Amino acid sequence: MKVLRTIAELRQELSLMRQAIRSNASVVGLVPTMGYLHQGHASLMQAARQQSDIVVLSIFVNPIQFGPNEDFDSYPRDEARDVETARSQGVDIVFIPSVKEMYPQATQTTVSVSQLTERLCGASRPGHFDGVTTVVSKLFNIVQPQRAFFGMKDAQQVAVIQQMVNDLNMPVEIVPCPIVREEDGLALSSRNVYLSAEQRTQALVLSEALRAAQEAADTSVAINAADIRRILREQIASSPLAVIDYAEIQAFPSLEPLADQEEVQGRDDLLIALAVKFGKTRLIDNIRLQKSEVLSRV
Ligand code: AMP
């Protein structure tokens, strides 16, 4: 496994690896991350390993997707451990560029997806998705992958990136991967390390609220969007440390919000999504309302 830090080295190595495979049809799979890797990231690497000839993992804490009062400086980092995780997952190249390598001068170009980014995380984190789509575009141009693997943990990000790829005719297939959870249901996140013991216990309310909403949707004779929102809010209110940013139900991938009276039954295109703050730590989680989906564990 190669650990590379410059764009030039990465391009050269990829070209050599492609030649060694001696096939025009070789598939490069890209897994973009911000590092501090966990089993959620590992599941993306596994999917990439299965569906690609060459697997590139990028680790880059992208400053332009953080707001001025967000956690860019304190974002957890552990490069040595990440490199070992990548090695154990059979990654071929780990790309770890510096901020200077990715943004050598003040950038004048932004890739921006409009409507999809106005809601949910986009509403509470202005500019966040512009930072994401810009850096992902740069990574696509640098690595030129045929496939790119993203977690449904960030469902809005999947919708936004798929829209960008469609709109700009980018020749890459976006592969969404299921959410990986702790044994007790908490969705894995690099930010979980910020939680105090008490916050960690109360953070279970996210997956519990999603499960309660899913169960209500599965078992009720008639249930509408307002009922789902009420169930989510009631469940989350049972955790005194939890402060709701949003608790929403919408179509996926359009992210079109459901009107209060809209019925939920019979729809298989719905996404229930939560963002909840515990102190300064903002956690997100979601579930697709599909008959087949059950919250999966590690
Ligand atoms: P991050 O390093 O947090 O930017 O995440 C990098 C990629 O890993 C994104 O596509 C995330 O959606 C994905 N990811 C993060 N946490 C999980 C999880 N618990 N399960 C599945 N994918 C995840």
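Report follows, based on the coordinates. This structure is a prediction, so every number in the text was calculated from the model and none was measured.

What follows covers the site of the ligand. In the region of the ligand, 17 residues are neighbours, and His41, Gly151, Asp154, Val180 and Leu188 sit closest. Within the contact set of the ligand, an oxygen atom lies 2.6 Å away from a side-chain nitrogen or oxygen of Asp154. Residue Val180 places a main-chain N or O atom 2.9 Å away from a nitrogen atom belonging to the ligand. Considered on its own, the ligand offers 480 Å² of accessible surface; in the complex 92% of this is hidden by protein. Counting only elements with at least two residues in the shell around the ligand, the list comes to strand E2 (28-33), helix H2 (39-51) and strand E5 (147-151). Top contributing element to the shell around the ligand by residue count: H2, with three residues. Taken together, the residues that form the shell around the ligand break down as nine nonpolar, six polar and two charged.

If you trace the backbone, Gln199 turns up in helix H8 (residues 197-202). When its relative accessible area of 15% is taken as the criterion, Gln199 is described as buried. A distance of 2.9 Å separates the side chain of Gln199 from the backbone nitrogen of Ser196, its partner in a polar contact. The contacts of Gln199, once residues within four sequence positions are left out, are Tyr194, Leu241, Phe278 and Gly279.

Here the focus is the side chain of Gln89. Assignment of secondary structure puts Gln89 in the loop between helix H3 (79-88) and strand E4 (93-95). The class for Gln89 is buried, based on a relative accessible area of 18%. Those residues within four positions of Gln89 in sequence are excluded, and the remaining contacts are Ala42, Met45, Gln46 and Arg49.

Turning to the sheet that holds strand E7 (residues 242-251), a few remarks are in order. In spatial order, the strands read E7-E8-E9; together these three strands make up an open sheet with antiparallel pairing. The open sheet has two edge strands with one neighbour each: E7 and strand E9 (281-289). Ignoring strand direction, the axes of neighbouring strands in this sheet form an average angle of 15°. By the bridge criterion, nine bridges tie E7 to strand E8 (residues 270-278) in an arrangement that is antiparallel. Across the sheet, Ala247 pairs through a bridge with Leu274, a residue of E8. Against the sheet, helix H10 (residues 225-237) contacts E7 and E8, and its axis sits at roughly 160° relative to E7.

Here the amide bond leading from Phe252 into Pro253 is cis, since omega sits at 10°, within 30 degrees of zero. In this structure, Leu120 is a non-glycine residue whose phi angle is positive, near 50°. Tracing the backbone shows Leu120 in helix H5 (residues 120-124). One non-glycine residue, Gln144, lies in positive phi territory at about 50°. Along the chain, the position of Gln144 falls in the loop between helix H6 (128-143) and E5.

Glancing now at the sheet that holds strand E3 (residues 54-59). Strand order in this open sheet of six strands is E1-E4-E3-E2-E5-E6, and the pairing throughout is parallel. Every other strand in the sheet has two partners, leaving strand E1 (2-4) and strand E6 (173-177) as the edge strands with one partner each. In this sheet, neighbouring strand axes are inclined to one another by 25° on average, regardless of whether the strands run parallel or antiparallel.

Counted according to the given criterion, the structure contains 15 salt bridges. The partner of Asp184 in a salt bridge is Arg200, and the shortest N-O contact between them spans 2.9 Å. With a gap of 16 residues between them, Asp184 in the loop between E6 and H8 and Arg200 in helix H8 connect regions that are remote in the sequence. Of the residues examined, Arg200 reaches a relative accessible area of 23% and is grouped as partly exposed.

Reading guide: rules and limits
- All chains use their own residue numbering, which begins from 1 and follows the written sequence.
- Reporting in this predicted model follows two pLDDT cut-offs: at least 70 for local features of residues, and 80 or more for side-chain atom pairs to be given and counted; totals over whole chains, interfaces and linings ignore these cut-offs and use all residues.
- Calculated side-chain values reflect all of the structure's heavy atoms, with hydrogen atoms and water omitted.
- One heavy atom within 4 Å of a molecule or strand is enough for the residue carrying it to be called near that molecule or strand.
- Each polar contact in these results corresponds to two N or O atoms within 3.5 Å; when the atoms are within protein, one needs to be able to donate a hydrogen and the other to accept it, and residues that are neighboring in sequence are counted only if both atoms are side-chain atoms.
- The method behind every accessible area is Shrake-Rupley, applied with a 1.4 Å probe, and residues are considered shielded solely by the protein chains displayed.
- In this text, helices come from DSSP runs of H or I with a minimum length of four residues, and strands from runs of E with a minimum of two, each type numbered from the N-terminal end.
- Note that Gly is not counted as nonpolar here; it falls among the polar residues with everything else outside the nonpolar set of Ala, Val, Leu, Ile, Met, Phe, Trp, Tyr, Cys and Pro and the charged set of Asp, Glu, Lys and Arg.
- Buried means the residue's accessible area, taken with a 1.4 Å probe over protein chains only, is under 20% of the maximum for its type, while exposed means over 50%, and partly exposed covers the values in between.
- Any pair of residues with heavy atoms lying within 4.5 Å of one another is described as a contacting pair.
- Should DSSP find at least two bridges between two strands, the strands are regarded as paired.
- For every element, the axis is a line fit to its C-alpha atoms; helices are fit only across the contacting stretch, and the angle between N-to-C directions ranges from 0 to 180 degrees.
- Basic side-chain nitrogens of Lys or Arg form a salt bridge, by our definition, when they fall within 4 Å of a carboxyl oxygen of Asp or Glu.

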